[in-house]
Amino acid sequence: MDAQKECVFVSEKSKIFPSTRLFFSFLLCLCFVALAIGTSNISQSMVCMVKKPDTNFSCPLAEPEVEAVPCNHPKQFAWSSIQQGLIYSGQNFGSLFMFLTGWQADRLNGKWTIVAAMVFIIISNALLPVSAGVSFALVFFLRFLTGVGDALLSPASSSMITRWFPPKERPSALGIVTGGRQIGTLIILPVGGWLCGNDGSKFLGGWPAIFYLSSVVAAAVLVIWMVFSADKPSKHLCISHNEEAYITRKIEEENIGKRKQRKSTPWRAILTSKQVWVAVAALVCHEFPLVIMLQFLPKFFSDVLGLSNTVNGLVSALPMGILFLSKCLSSSLASYLTANGYLRKTQSCKIFNFIASLGLGICIAITPLMGTLQQSVWAILILCMANAFAGLHTPGVQTALVQLAPAFSGIITGIAFTVAACFSIFNKLLISQILVTGSKHEWTIVFEISAFVAILPTIFFTVWGSAERTEWASNRVSVPKDADQKSNDSESSTSSTIQAFAKYSMFLSHDLTNSA
């Protein structure tokens, strides 16, 4: 059996992918990269697609109804602020389907669910440039389809994480996987800014190329995912027997059970659980201010700081890079602290989330004070600090959502992000209504509202939040491990320190034959 499952990705001689779990986390990360590129592209392209009121392009000889457009410039549209807000929020309308997809995420095959998500992203981005010239409603519908792709991907990935990673590895796994959102945004913003600039418009057609590129990236990720992924460890052709046995034993301790043998969804328990709704509320307060970071940041740099398209794209990507590093480092730190007994799961989530919410709220609140071109460097640094704090939400509330009920993580994730999508729709429409002229005063109102919302979890999540598995989350009676099993888990023929590191890290292949 070992010979049949031997693969370069898990070979002890391999230096790149020492464990299949680490490799699989990279695969999921790629899917989120494609998702982020396909969703964040609208933030930079909208700056180029919409006509500015102070445009100087004119033609003295043209008739009044004829518009003169400079050579090599793609078409621009006279969309109102409410139309722009609807386009921004179209993705969130599609994400509302996450409630339905989350309901079935723990029962469906995760691999093919993500395949469907990638198909939606490919189609919606490939058709948008052509549809933009036909109808505003078509653009909204295509952004809606992009949101459906998100609704399929997020719950499916959460469910797969609970099947692929033991509990103490999940914070690290979440950091790597969801970090794909920041990587994708980090890629598309500077590339989009260049495509919107004069050089990009001249050689590659301007903003339409942003959406074509997004579609191509998603298609490439789809091929990689179909070849190398698997719904669960036992179906993966590249996993070693020892690693599969280790994952199975650790996950069996949670009493998740097989999907076909699980009891019916405890809807009453979920919908009346204080721990679930506290985590959902904290997630909403986390996602609410990030709307500025993910969708409106290029517009802020253009309206208030007056940055050019090319510089705008580069600068807008910096906070995303900081957010990615913060998520990965803080998640790894949380895994280390909980695995070695320094903090319990709930303590870890509360501490990280408190720091994240407090720091994010303060940084967002003082950003409008740096609202001139001369203070642009300080504004960018403060926004980078805000994203550094925001990254700590991953080992905070996002980890708590996965840990509360591993057997129903897809359902809980679906509920949480459906509620978050509703508030994101409201937030984007609200911002679009406030930003009539894009003045510094209007932006100050936007930032202060977001700062107030961001800081709320420092109170209610710190008091009532939890990351412990709930009583209704098990499918059978939990059988406590006896003393022998506990000692065997930590036994090592070489060094207890090395063994502990190997047990709780996905960066090493596990050879636990003697300790299983």
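Residues numbered from 1 in each chain as written. Predicted model: local features only at pLDDT ≥ 70, side-chain atom pairs only at ≥ 80, totals over all residues. Heavy atoms only, no water.

Asker: Even after reading the chapter, I still don't get the overall build of the protein, so can you show me in this structure?
Answerer: Scanning the protein from N- to C-terminus turns up 21 helices and 0 strands. Taking all 516 residues of the protein together, 57% fall into the buried category. Within the protein, residue pairs in contact and separated by at least 24 positions form 86% of the contacts whose partners lie at least 6 positions apart. For the protein, the accessible surface area stands at approximately 21,600 Å², while carbon and sulfur atoms represent 66% of it. (Helix = DSSP H or I, 4+ residues; strand = E, 2+ residues; numbered from the N terminus. Buried < 20%, exposed > 50% of the residue type's maximum accessible area, 1.4 Å probe, protein only. Contact = heavy atoms within 4.5 Å. Areas by Shrake-Rupley, 256 points an atom, 1.4 Å probe, with all protein chains shown as cover.)

Asker: Hey, could you run me through the environment of Ile188 in this one?
Answerer: Following the sequence through the fold, Ile188 ends up in helix 7 (residues 170-196). The class for Ile188 is buried, based on a relative accessible area of 2%. C-alpha of Ile188 to C-alpha of Gly38: the two residues are 150 residues apart in sequence and 8.7 Å apart in space. If sequence neighbours within four positions are ignored, Ile188 has contacts with Ile37, Ser40, Asn41, Ile210, Leu213 and Ser214.

Asker: Is there a simple way to think about helix 12 (residues 274-303) in this case?
Answerer: Structurally, the α-helix is built with 3.6 residues per turn, so residues lying three or four positions apart point the same way. In this model helix 12 runs 42 Å from its N-terminal to its C-terminal C-alpha over 30 residues, within 8% of the 44 Å that 1.5 Å per residue would give. Taken as a whole, helix 12 carries its principal kink of about 75° at Phe296; the proline Pro298 stands between one and four residues after it. The element helix 12 is extensively covered by neighbouring structure, given that 23 of its 30 residues are classed as buried. (Expected span 1.5 Å × (residues − 1). Bend = angle between axes of the 7 residues up to and from the residue.)

Asker: Help me out: how do you make sense of the packing of helix 18 (residues 440-455) against helix 19 (residues 457-464) in this one?
Answerer: Running from N to C, helix 18 and helix 19 point in directions that differ by 15°, and their axes come no closer than 6 Å. The angle between helix 18 and helix 19 falls in the class roughly parallel. Across from Val453, Ala454 and Ile455 in helix 18, the residues of helix 19 making contact are Pro457, Thr458 and Ile459. (Axes fitted to C-alpha atoms, helices over the stretch in contact; angles between N-to-C directions. Parallel < 35°, antiparallel > 145°, perpendicular 65-115°, else oblique.)

Asker: I keep staring at the nonpolar core and nothing clicks. Help me out?
Answerer: One recurring pattern in soluble globular proteins is that nonpolar side chains are buried together. Counting 60 residues, the largest nonpolar core has Met49, Trp79, Trp207, Phe300, Phe301 and Trp443 as the members making the most contacts within it. Discounting chain neighbours no more than four positions away, the residues touching Phe300 are Leu305, Thr367, Leu383, Trp443 and Phe447. The next biggest cluster of nonpolar side chains, apart from the first, holds 35 residues, and it includes Ile114, Leu153, Ala173 and Val221. (Core = buried A, V, L, I, M, F, W, Y, C linked by side-chain atoms within 4.5 Å.)

Asker: Before we go on, may I ask you to explain the confidence of the model for the protein in this structure?
Answerer: Interpretation of this model should avoid reading the predicted coordinates in detail wherever pLDDT is low. Predicted confidence across the protein gives a mean pLDDT of 78, with 78% of residues reaching 70 or more. Confidence scores differ between elements of the protein, with helix 21 (residues 496-503) showing the lowest mean pLDDT of 37 and helix 19 the highest of 94. When the criterion is pLDDT under 50, residues 1-17 qualifies, and its contacts beyond four places in sequence or with other chains add up to 30 contacts. Across residues 476-516, confidence stays below pLDDT 50; counting only partners more than four residues off in sequence or on other chains, it has 68 contacts. (pLDDT = per-residue confidence, 0-100.)

Asker: What exactly am I supposed to notice about helix 16 (residues 394-404) here?
Answerer: By the criterion of burial, helix 16 is predominantly enclosed, with 11 of the 11 residues buried. Of the positions making up helix 16, those classed as buried are Thr394, Pro395, Gly396, Val397, Gln398, Thr399, Ala400, Leu401, Val402, Gln403 and Leu404.

Asker: I'm lost on the UniProt feature "transmembrane region" (unreviewed entry) in the protein in this one. Help?
Answerer: UniProt records the feature "transmembrane region" (unreviewed entry) at residues 22-42, 207-228, 276-297, 317-339, 351-370, 376-392, 404-426 and 446-467, using the numbering of this structure. When the span residues 22-42 is considered, its composition is 100% helix and 0% strand, and the gap between its end C-alpha atoms is 31 Å. Span residues 351-370 is 80% helix and 0% strand, its end C-alpha atoms 30 Å apart. (UniProt positions renumbered as here; feature names shortened; annotations may be inferred.)

Asker: When you look at the pattern of salt bridges in this model, what are you seeing that I'm missing?
Answerer: Any two side chains of opposite charge can pair, given that their charged atoms come close. Taken as a whole and assessed by the stated rule, the structure comprises 5 salt bridges. Here Arg21 makes a salt bridge to Glu243, at a shortest N to O gap of 2.5 Å. Placement of Arg21 in helix 2 (residues 20-49) and of Glu243 in helix 10 (residues 241-252) is noted, with a sequence separation of 222 residues between them. Between Arg181 and Asp150 there is a salt bridge, with the nearest N and O atoms lying 3.2 Å from each other. In this pair, Arg181 sits in helix 7 while Asp150 sits in helix 6 (residues 136-164), placing the two residues 31 residues apart along the sequence. (Salt bridge = Lys/Arg side-chain N within 4 Å of Asp/Glu carboxyl O.)

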